[in-house]
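# Close look at the chain arrangement
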Amino acid sequence: MTVVAAVDVGGTSFKGALIDAQGRTLFTDSSPTLGLLGEAVWDRLTDFLDRLMAVGDVRPEAIGIITPGMDEQTGRVLFSSNLGWRDLPVAERLSARFGLPVAPGHDVGTAGLAESLAGAARGVPDFALVMIGTGIAASLFSRGQRIAGAARMGGEVGHAPVYPGGETCPCGQVGCLEAYASAASIARRYRAQGGAEALTAAEISARLRSDPIAAKVWGEATEALSLSLMTITMLLDPALIVLGGGVAEAGGLLLEPVRAGLARRLAWRSPPPIVTSTLGGGGALLGAAILALRKIGQDLRGL
């Protein structure tokens, strides 16, 4: 039985799984990373993989690892503000450490691959997947092919400004979408505007009817997101927009104002449908497994 290890390196946690060539998840695990940066994140990652590799009787044949800011051609993370990584040779270091082939992937780009094969965008050749979590990025597909760019880092819509001269983003730019609509920024802006408690984005979305500050911050986030989706719509002409990540778990509380905002801004064309991911948090790990299988000359069976 062919088994690969899949790891999703996020800004607040690692998620990992052992997945076989039929797409069956044999084991899952996670580890928090919030508050860690740089080499401290790396040390936590290798410890996490040590634990993942020791599960069961079947040793994985490859590792699929996905991170923000990954250059898929070189296996280096060029920049990730949430991890404190810059020009880090992740694939090379992991391969040397574990003696296995390593398939690197951009986290959101890989989630888009999984969504196109087994999720909400299955059978849709032209779509955009926008992941809204600790950070924000998109996976853009045209005629069934991901638009990846020269370094395969295309889709960084979270760092495309929606408000020139606006708030400072962790990346160092100003007015970025991520500074207004990511889970971390929604929580930060709620506190900064006088929110009485240190709430998460999910908790803030649950208070929209009773908390004016929550309603204001959430409304500003959905407005910023609709501006970004307008740009994606005009550039890509997608048949479908899929929203994923933790913030998208708010469902209609996010979808309804974003749909309305996009429709309001498009003066002469119809907006594309906007839906939430059907794969949820498992999509990125499934995508990482697909990359690992392809690294050893196989593919996910049954797709």
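Conventions we followed
Residues numbered from 1 in each chain as written. Predicted model: local features only at pLDDT ≥ 70, side-chain atom pairs only at ≥ 80, totals over all residues. Heavy atoms only, no water. Axes fitted to C-alpha atoms, helices over the stretch in contact; angles between N-to-C directions. Helix = DSSP H or I, 4+ residues; strand = E, 2+ residues; numbered from the N terminus. Parallel < 35°, antiparallel > 145°, perpendicular 65-115°, else oblique. Left-handed = near helix turned anticlockwise from the far one by under 90°. Contact = heavy atoms within 4.5 Å. Nonpolar A, V, L, I, M, F, W, Y, C, P; charged D, E, K, R; others polar. Polar contact = N/O pair within 3.5 Å; in protein donor to acceptor, adjacent residues only side chain to side chain. Buried < 20%, exposed > 50% of the residue type's maximum accessible area, 1.4 Å probe, protein only. Pairing = 2+ DSSP bridges.

## Details of the packing of helix H5 (residues 183-192) against helix H7 (residues 212-236)
One way to put it is that H5 packs onto H7 with a least axis distance of 9 Å and a crossing angle of 140°. As the angle between them shows, H5 and H7 are arranged oblique. Here H5 runs over H7; the crossing is right-handed. For the pair formed by H5 and H7, the contact residues are Ile186, Arg189 and Tyr190 on the first element and Ile213, Ala214, Val217, Trp218, Glu220 and Ala221 on the second. Of the residues contributing to the contact of H5 with H7, the split by class is 7 nonpolar, no polar and 2 charged.

## Considering the side chain of arginine 146
Here arginine 146 shows up in strand E11 (residues 145-146). Among the polar contacts made by the side chain of arginine 146, one reaches the side chain of glutamate 72 at a distance of 3.2 Å. With residues near it in sequence (within four places) discarded, arginine 146 still touches Glu72, His106, Gly109, Ser139, Leu140, Phe141, Arg152 and Gly154.

## Overview of the environment of arginine 301
When you line up the elements, arginine 301 lands in the segment after helix H9 (282-295). Residues arginine 301 and proline 104 lie 197 residues apart in sequence; the distance between their C-alpha atoms is 21 Å.

## Regarding the environment of proline 68
Within the secondary structure layout, proline 68 lies in the loop between strand E4 (63-67) and strand E5 (70-71). Apart from residues lying up to four places away in sequence, proline 68 is in contact with Val9, Val77, Phe79, Ser80, Leu83 and Asp107.

## Describing the pairing of E4
The element E4 is extensively covered by neighbouring structure, given that 5 of its 5 residues are classed as buried. Here E4 shows two buried faces, one formed by Ile63, Ile65 and Thr67 and the other by Gly64 and Ile66. Across 5 bridges, the pairing between E4 and strand E8 (residues 102-106) is parallel. Across the sheet, the residue bridging to isoleucine 65 is proline 104, located in E8.

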